[in-house]
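# Residue-level structural notes
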Amino acid sequence: MSIERHTAGLLQQIARQQDIVEIAPQGTTAKAAALALVAEQYGYTYGTAYRTGFKNSLVQVRMYRDPRPDARVREAATITAHPQAGNGGTVPGLEQGTLTPIPEAVGAAAVLKDLITFDVMALYVANRSQKVKGYLACAVLTVLLLFDKSSVEAVTSGGAVALLFTVAFQVGTIRRRKIAQRLTGAGFHAVRDEQGSQRFLRPGQQLPGHANPFAA
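Residues numbered from 1 in each chain as written. Predicted model: local features only at pLDDT ≥ 70, side-chain atom pairs only at ≥ 80, totals over all residues. Heavy atoms only, no water.

### Quick notes on the nonpolar core
The nonpolar side chains of a soluble globular protein tend to be buried with one another. Leu 10, Ile 14, Tyr 46, Val 61, Met 63 and Ile 116 are the most contacted members of the largest nonpolar core, which has 37 residues in total. Broken down by secondary-structure element, the contributors of at least two residues to this core are α1 (3-15), β1 (20-23), α2 (29-41), β2 (44-52), β3 (58-65), α4 (106-120) and α6 (151-185). At eight residues, the largest contribution of residues to this core is made by α2. Among residues more than four places away in sequence, those in contact with Tyr 46 are Glu 40, Val 61, Arg 62, Met 63, Leu 112, Leu 115, Ile 116, Asp 119, Arg 199, Arg 202 and Gln 205. (Core = buried A, V, L, I, M, F, W, Y, C linked by side-chain atoms within 4.5 Å. Buried < 20%, exposed > 50% of the residue type's maximum accessible area, 1.4 Å probe, protein only. Helix = DSSP H or I, 4+ residues; strand = E, 2+ residues; numbered from the N terminus. Contact = heavy atoms within 4.5 Å.)

### Remarks on the pattern of salt bridges
Enumeration over the complete set of coordinates arrives at eight salt bridges. When the shortest N-O distance is used, the salt bridge between Arg 65 and Glu 75 registers 3.4 Å. With Arg 65 in strand β3 and Glu 75 in helix α3 (residues 69-81), this residue pair connects regions lying ten residues apart in the sequence. Take Arg 65 and Glu 75: they sit in the same class, and that class is buried. A salt bridge links Arg 72 to Glu 75; the shortest N-O distance between them is 2.9 Å. One end of the pair, Arg 72, and the other, Glu 75, are both in helix α3, three residues apart, so they sit about a helical turn from each other. For Arg 72, a relative accessible area of 24% translates into the label partly exposed. The buried category is assigned to Glu 75, whose relative accessible area is 8%. (Salt bridge = Lys/Arg side-chain N within 4 Å of Asp/Glu carboxyl O.)

Keep in mind that these numbers describe shape and distance, not what the molecule does.
Structure, rendered in structure tokens:
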């Protein structure tokens, strides 16, 4: 999908003043963050991100309409400054015809990218039950290999797979911890959602309700 179609699709949702807008660009989290940046200029705030589609290849970002007065002021200013957005005109926060943030918006886009990446990586950070299942699968593999290979080869092969599991678990955990540190440094605070997953919110923000990101 072209950049123009990505931005036009998002702006059409925003123009209808939907309480929730969905962003699902094909490609990197940087593209998703760039479109989320645009939505923020129109008075929306980041809600959540997750992977969907074939083999979880698509990043889906959900933005909520911010009900606070300053968000409405920001929206009005954006509409005035970019009257032709979506029709070939400039798009707030982005360089003309691209999904590249303008210099003064690079920091905000980086924060959104961290929020998106942190939420998306939850899929790859194993909890205790997932780790148990993974290592159990390694044990089963070792037993099955004993029927065709020597005990040394079977244990070596099973151990190699277990090592890969361990490395994968640790890499995901370490990377997510670094993102959490950056978000904390940017003024966000950590909370737990209904599923017990860690999330990061701006000061004064609560976990999203059905349509209101500041609802209790």
